[in-house]
Amino acid sequence: MTWDPAPLSEVTALFSRVQVPWWIAGGYAIELAVGHAFREHGDVDVLLLRRDQSAAQEALSSWEWWAADPPGTLRPWQRGETLPAGVDDVWCRPAAAAPWRIQVMLDEARGDEWVSRRNGAVRRAIADLGEVSPDGVPYLAPEVQLFAKAWETRPKDEQDFAEVLPILGDTQRRWLAKALETTYGRHPWLDRL
């Protein structure tokens, strides 16, 4: 399955039309936090709250949307269909013959709080879930993105952690440390936080 990630400017133009919160996620979110690119990316991720999932179809109205259901198997996501919990990723492309361009990830929320799908005890006010780059691109706060990456770290996750660690403030470090310890017990990143 071929990927040609959409540039952030295109993603921003497409998703700026929707009236719900959304954030660039994954490695691009880390790069936006540190202020410069430092590695290659195989895809571009956009995070939406599950309750706002229809915004993906609105933003990409003429595109194809394929749900990872169950994870690892793609199936068409029908217009207006509500994806249930457990279906957390949607691959999107402008046409059947085109490469995949955007991956939409769905996360849970309760009222005005984001709720981690890895551990329901890890929560955060939706208003504090992300930041905005100088170019106006909303992105997932680096400590939240690192928490998502901490599950099964790969070399690129280790690189992202090392790049963003110097700019994390005390509050961000404390939030990440508590989330890691609550979810994983002793995590290798805890000693460096």
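Residues numbered from 1 in each chain as written. Predicted model: local features only at pLDDT ≥ 70, side-chain atom pairs only at ≥ 80, totals over all residues. Heavy atoms only, no water.

1. Some words on the overall build of the protein chain
For the protein chain, the count of helices and strands is six helices and 10 strands. For the protein chain, the C-alpha radius of gyration of 16 Å lies close to 16 Å, the compact-globule estimate for 193 residues. Each principal axis of the C-alpha distribution contributes one length, and for the protein chain these read about 45 × 35 × 30 Å. Of the roughly 9,300 Å² that the protein chain leaves accessible, carbon and sulfur atoms contribute 51%. Each charge sign in the protein chain was given a centre, from 21 positive and 29 negative side chains, and these centres are 3 Å apart. (Helix = DSSP H or I, 4+ residues; strand = E, 2+ residues; numbered from the N terminus. Rg over C-alpha atoms; globule rule 2.2 N^0.38 Å. Areas by Shrake-Rupley, 256 points an atom, 1.4 Å probe, with all protein chains shown as cover. Lys, Arg positive; Asp, Glu negative; His and termini not counted. Charge placed at Lys NZ, Arg CZ, Asp CG, Glu CD.)

2. Remarks on the environment of Arg-101
Note that Arg-101 resides in the loop between strand 5 (89–93) and strand 6 (102–110). Discounting residues that sit within four places of it in the chain, Arg-101 has contacts with Trp-3, Asp-4, Pro-5, Ala-6, Pro-7, Glu-10, Val-44, Trp-63, Cys-92, Arg-93 and Pro-94. Polar contacts involving the side chain of Arg-101 include one to the side chain of Glu-10, which spans 2.6 Å. (Contact = heavy atoms within 4.5 Å. Polar contact = N/O pair within 3.5 Å; in protein donor to acceptor, adjacent residues only side chain to side chain.)

3. Thoughts on the pattern of salt bridges
Following the criterion strictly, the structure yields 17 salt bridges and no others. With a shortest N-O distance of 3.4 Å, Arg-123 and Glu-113 are connected by a salt bridge. Of this pair, Arg-123 sits in strand 8 (residues 123–125) while Glu-113 sits in strand 7 (residues 113–115), and the two are 10 residues apart along the sequence. Of the charged contacts in the structure, one is a salt bridge between Asp-157 and Arg-154, with a shortest N-O distance of 2.8 Å. Owing to a relative accessible area of 0%, Asp-157 belongs among the buried residues under this scheme. Given a relative accessible area of 41%, Arg-154 falls into the partly exposed group. (Salt bridge = Lys/Arg side-chain N within 4 Å of Asp/Glu carboxyl O. Buried < 20%, exposed > 50% of the residue type's maximum accessible area, 1.4 Å probe, protein only.)

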